[in-house]
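What the coordinates show
Next come the chains, spelled out residue by residue.
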Amino acid sequence: MAKKRVKRPKKTNKVRFAFFKSRQNQFVISLIIMILALLWLLAMLSYFKTGYADQSILTEMPDKEVKAQNWLGKIGATISHFFIYKGFGVGSILLPLMLFLTGLYIFLRIKFSKLLNTWTLAISAMIWFALLFGYLALNNSLLAGTVGYELNEYLQSYIGKPGIIAILLVSLLAFIIFRFRLTPEHIQSMIPKKKEKTKFDESELMHESSEVEENDLEVYTHKEEIIADETTATEIEIKKDDAPELEITEKEDDVSIDVNKIVNEVHEKENLSDKLLEDFGEFDPTLELSNYKFPTLDLLKDYHESIAVNSEELQQNKDKIVQTLKNYNIGISHIKATVGPTVTLYEIIPQAGIRISKIKNLEDDIALSLSALGIRIIAPIPGKGTIGIEVPNKNPSIVSMRSVISSAKFQKSEMELPIAFGKTISNETFVVDLAKMPHLLMAGATGQGKSVGLNAAITSLLYKKHPAEIKFVLVDPKKVELTLYTKIERHFLAKLPDEEEAIITDITKVVNTLNSLCIEMDDRYDLLKKAFVRNIKEYNAKFKERKLNPENGHRFLPYIILVIDEFADLIMTAGKEIETPIARLAQLARAIGIHLIIATQRPSVNVITGIIKANFPARIAFRVTSKIDSRTILDGQGADQLIGKGDMLYSGRNELIRLQCAFVDTPEVDKITEYIGAQKAYPLAYELPEYTGEESDSSLDYNIEDRDDLFEEAAFVIVNAQQGSASLLQRKLKLGYNRAGRIIDQLEAAGIVGPFEGSKARQVLIPDQISLKQFLENEKNI
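First, a word on what this report is: a plain description of the structure on this page. (Residues numbered from 1 in each chain as written. Predicted model: local features only at pLDDT ≥ 70, side-chain atom pairs only at ≥ 80, totals over all residues. Heavy atoms only, no water.)

1. Thoughts on the overall build of the chain
Scanning the chain from terminus to terminus reveals 27 helices and 18 strands. Taken over 782 residues, the chain has a buried fraction of 46%. Here the contacts in the chain between residues at least 6 apart in sequence split such that 66% fall between residues at least 24 apart. Summed over its atoms, the accessible surface of the chain is roughly 42,600 Å², and 54% of this surface lies on carbon and sulfur atoms. (Helix = DSSP H or I, 4+ residues; strand = E, 2+ residues; numbered from the N terminus. Buried < 20%, exposed > 50% of the residue type's maximum accessible area, 1.4 Å probe, protein only. Contact = heavy atoms within 4.5 Å. Areas by Shrake-Rupley, 256 points an atom, 1.4 Å probe, with all protein chains shown as cover.)

Written as structure tokens, this is what we have:
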């Protein structure tokens, strides 16, 4: 009998990496590296004084009798001779400095991507200085080194001295341009121009307004705290509508305060913003790009579309519909046709006593008699008292993006975020406000128009909003659909700090970006709270009126639009790590100007979950393959009966509207982005808050060395509040949901909080901070 083979567990690198994850090990390694770097630097500095004297004994280094004059002895003399004399000369000093910086980065736990860029810059600078000193001091090997000398000799033999000067100057200018992100417009703006005395720079104005404030008492709040001394205090609340009436609460002792004087101080500061507004006008967020030009209509293709009304076809369809219904003893008292770009709506009024359900059940029979694909019966049409039968046209017409953008309905729209999706059956331009949706979910089978729909939404906003007013976060798992918008990165796109590409394609970066948006959302809500407003529109209006001080953290808030193409791929890959921040943003982000547009080709229940659907009341369905998919996206049938090629259903505010999506081709998008990208831009893309993702596995490891860096700080927050909840850590420590939940699990494993109790907050098992401090010290000593 054969022996059963026992599977051996696979070896992992967990133990190996645990050594480097330990904070103590990192501390020791960083100290060793920094000490070695300082010793190396000391040896090099000594070499400039003792190098020539030690050269004669380099070949006799093994002899114990021979002594080197270098401050670090024979080893210091040998290493310095190799890097300075045989290497890059005086520029080699950058090497120990970079080694010290490496140790410092490990000590401070800074991202190594920044360190790699600094190393690259340092090595380039070392070569540049070697070439420079080789050109200026040919006979001094300590300045240029052997590399600088030989490189200079080699280049001079081919391009001469003028060529070397050109290389040095061009490389220096290239460094300055890329390092400081200079453009011709920036250089032009540096040239001083004559200014009229009545015109002031916005930044000077803000600085001037901030200097008028006294004792850091904020001009724009309605509550003031006056501290008389260290032991007594009185809080005075000034009501906005009834300023003279004061509500005084004694905290310890009676304090004699001249109330009228305090009121006059506050009223003066409230009048300051009115004076600034009267003298200088509203703050203009578009001032930095004041010469920005919106895209023109000629960038979009004109298809000269027109709806061809074939009266013969209309009459034949009317007769066939009437005859089919007559075959089933259904009489029609009236029938009317409305011709649209791709579909004609036939409205019928049945005779009295006819059940609507009877007509609804004849959908397939009518489609058979008309020999048409995509018959849809609306029984009844809301608000009309008629029954609608939608029949595809034999010769559909294209709805161009140019026709909807140039329409008066879009041009004269006063919506915050207008999107022109296309035209209705009655050939009217359909424009909706994304700010009121507030989020949009799009679904449809492959090749039915989802990507065109996304481009139509983005194009509409590019034609209507200034770069200062709106930013896009673009997520493209397919890596090919949204790449055209890279050209407008510094105008309209937002991304994480230090990210090279603004179009996000990597799953890990998607998770980090979504959590960063959650942090941005929390930060914006804090600003709204301080400004005593409820939404972004009121906040920005108050900021423009100069009632919010930038020195107190206030800033103009642009709208942020998160666009995700192929959401199903993200859900299948990352699951809850994607769904959880999406749900948070969908639930809370509307008021602070963050809106979501999500597209997927798989509208199944495991992709579009109940949480997602509940927070996306506005939905667009292109043609899908089954009634089940239609019910998933629209909560009803209809999407499976569309004819494709941009034919879509829009569901919002309890109404279902059939549209023909406006067609915007790839060359048109390319022209638009090229037009915008050629204009003066901001120095950088709009930076989202930095978010550090967790690198641990999905299964939590509660080893002390693997705990989160904020574990102890989080423990003190929980114990101080006596409330064990992840939302508390999110608010207090500005964390994402995933990281806060993981810290809560670690606190449970440590015995600081109790187990999960459903909707209730976890029980805190440690009574006060003194006990917690003792608990943590005992834990470290074990």
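Structure shown, so let's carry the discussion forward.
2. Describing helix α22 (residues 627-634)
Considered for burial, the residues of α22 that qualify are Asp-629, Ser-630, Thr-632, Ile-633 and Leu-634. Down the axis of α22, the buried side of the element spans an arc of 165°, and every buried residue falls inside it. Of the residues trailing α22, Asp-635 is marked for its positive phi of about 60°. (Arc of directions from axis to C-beta.)

3. Observations regarding the side chain of Asn-540
With respect to the secondary-structure elements, Asn-540 resides in helix α18 (residues 536-544). When neighbours within four sequence positions are excluded, Asn-540 is seen to be in contact with Phe-556 and Leu-557.

4. Observations concerning the pattern of salt bridges
Using the criterion set out here, one finds 24 salt bridges in the structure. The salt bridge involving Glu-390 is made with Arg-658; its shortest N-O contact spans 2.6 Å. Highlighted residues: Glu-390 in strand β7 (residues 387-392) and Arg-658 in strand β17 (residues 655-661), separated in sequence by 268 residues. Of the two residues, Glu-390 and Arg-658, neither departs from the other in class, the shared state being buried. (Salt bridge = Lys/Arg side-chain N within 4 Å of Asp/Glu carboxyl O.)

5. Some details on helix α12 (residues 363-370)
Those residues of α12 not exposed but buried are Glu-363, Ile-366, Ala-367 and Leu-370. The arc enclosing the buried residues of α12, seen along the axis, measures out at 100°, which places them on a common side. Structural note: α12 exposes Asp-364 and Leu-368 on the side pointing more than 90 degrees away from its buried face. After α12 finishes, the residue Ser-371 shows a positive phi value of roughly 55°.

6. Some points on the pairing of β7
The buried fraction of β7 amounts to six of the six residues, a majority that puts the element mostly inside the structure. Of the two faces of β7, the one carrying Ile-387, Ile-389 and Val-391 and the one carrying Gly-388, Glu-390 and Pro-392 are both buried. As paired strands, strand β6 (residues 376-378) and β7 are joined by three bridges and run antiparallel to one another. By the bridge assignment, Arg-376 is partnered in β7 with Glu-390. (Pairing = 2+ DSSP bridges.)

7. Describing the packing of aromatic side chains
To describe a pair of aromatic rings, one takes the distance between the centres and the angle between the planes. Counted by the stated rule, this structure contains twelve aromatic pairs. Note on Phe-283 and Phe-543: the rings are 5.1 Å apart at their centroids and 90° apart in plane angle, and the pair reads as edge-to-face. Here Phe-283, found in the loop between α9 (259-280) and α10 (311-327), pairs with Phe-543, found in helix α18; they are 260 residues apart in sequence, far enough to count as distant. Judged by its relative accessible area of 4%, Phe-543 falls in the buried class. Grouping aromatic residues by their ring pairs yields a cluster made of Tyr-292, Phe-294, Phe-472 and Phe-492. Cation over ring: Lys-464 sits above Phe-410, and NZ or CZ is 5.2 Å from the ring centre. The ring of Phe-711 has Arg-707 lying over it, and the distance from NZ or CZ to the ring centre is 4.2 Å. (Phe/Tyr/Trp six-rings, centres within 6.5 Å; stacked < 30°, edge-to-face > 60°. Lys NZ or Arg CZ within 6 Å of the ring centre and 35° of its normal.)

8. Regarding the nonpolar core
One broad rule of soluble globular proteins: the nonpolar side chains tend to lie buried together. Grouped together as the largest cluster of nonpolar side chains are 113 residues, with contacts concentrated most on Phe-421, Phe-472, Leu-562, Ile-578 and Ile-582. Residues in contact with Ile-582, not counting those within four places in the same chain, are Leu-514, Leu-562, Ile-564, Phe-567, Leu-596, Ile-598, Ile-612 and Phe-616. By size, the runner-up hydrophobic cluster in this structure holds 22 residues, among which are Ala-740, Ile-744, Val-764 and Ile-766. (Core = buried A, V, L, I, M, F, W, Y, C linked by side-chain atoms within 4.5 Å.)

9. Considering the environment of Ile-377
Note that Ile-377 resides in strand β6. Those residues in contact with Ile-377, other than ones at most four positions away along the chain, are Ile-359, Lys-360, Leu-362, Glu-363, Ile-366, Ile-387, Gly-388 and Ile-389.

10. What about the packing of helix α17 (residues 507-531) against helix α20 (residues 576-588)?
Viewed as axis vectors pointing N to C, α17 and α20 meet at an angle of 25°, and their least axial separation amounts to 9 Å. The angle between α17 and α20 places the two elements in the roughly parallel class. Where α17 crosses over α20, the handedness of that crossing is left-handed. Between α17, through Val-510, Val-511, Leu-514, Asn-515, Leu-517, Cys-518, Met-521, Asp-522 and Tyr-525, and α20, the contact on the second element is made entirely by Glu-577, Ile-578, Pro-581, Ile-582, Arg-584, Leu-585 and Leu-588. (Axes fitted to C-alpha atoms, helices over the stretch in contact; angles between N-to-C directions. Parallel < 35°, antiparallel > 145°, perpendicular 65-115°, else oblique. Left-handed = near helix turned anticlockwise from the far one by under 90°.)

11. Comments concerning the packing of helix α25 (residues 726-733) against helix α26 (residues 737-750)
Here α25 crosses α26 at 120°, and the two axes come no closer than 8 Å. The pairing of α25 with α26 is recorded here as oblique in orientation. The two elements α25 and α26 meet at a crossing, and its hand is right-handed. Residues Ala-726, Leu-729 and Gln-730 of α25 form the contact with α26, whose own contacting residues are Tyr-737, Ala-740, Gly-741, Ile-743 and Ile-744.

12. Brief notes about the sheet that holds strand β4 (residues 332-339)
Working definition: the strands of a sheet are paired by backbone hydrogen bonds and lie parallel or antiparallel to each other. The strand order across the open sheet built from four strands is β4-β5-β7-β6, with neighbouring strands paired in antiparallel fashion. Here the strands that pair on one side only, and so sit at the sheet edges, are β4 and β6. Neighbour-to-neighbour, the strand axes of the sheet open up by a mean angle of 20°, direction not taken into account.

13. Things to note about the sheet that holds strand β15 (residues 618-621)
Judged by pairing direction, the sheet is mixed, and its nine strands sit side by side in the order β9-β8-β17-β16-β15-β10-β14-β13-β11 without closing on themselves. Strands with a single pairing partner mark the edges of an open sheet, and in this sheet they are β9 (429-433) and β11 (470-475). Across the sheet, the mean angle separating the axes of adjacent strands is 25° when strand polarity is ignored. The sheet strands contacting helix α15 (residues 450-464) are β8 (418-424), β10 (440-443), β11, β13 (559-564), β14 (594-600) and β17, and the helix crosses β8 at an angle near 130°. Contacts between α17 and the sheet are confined to β11, β13 and β14, with β13 contributing the most and set at about 155° to the helix.

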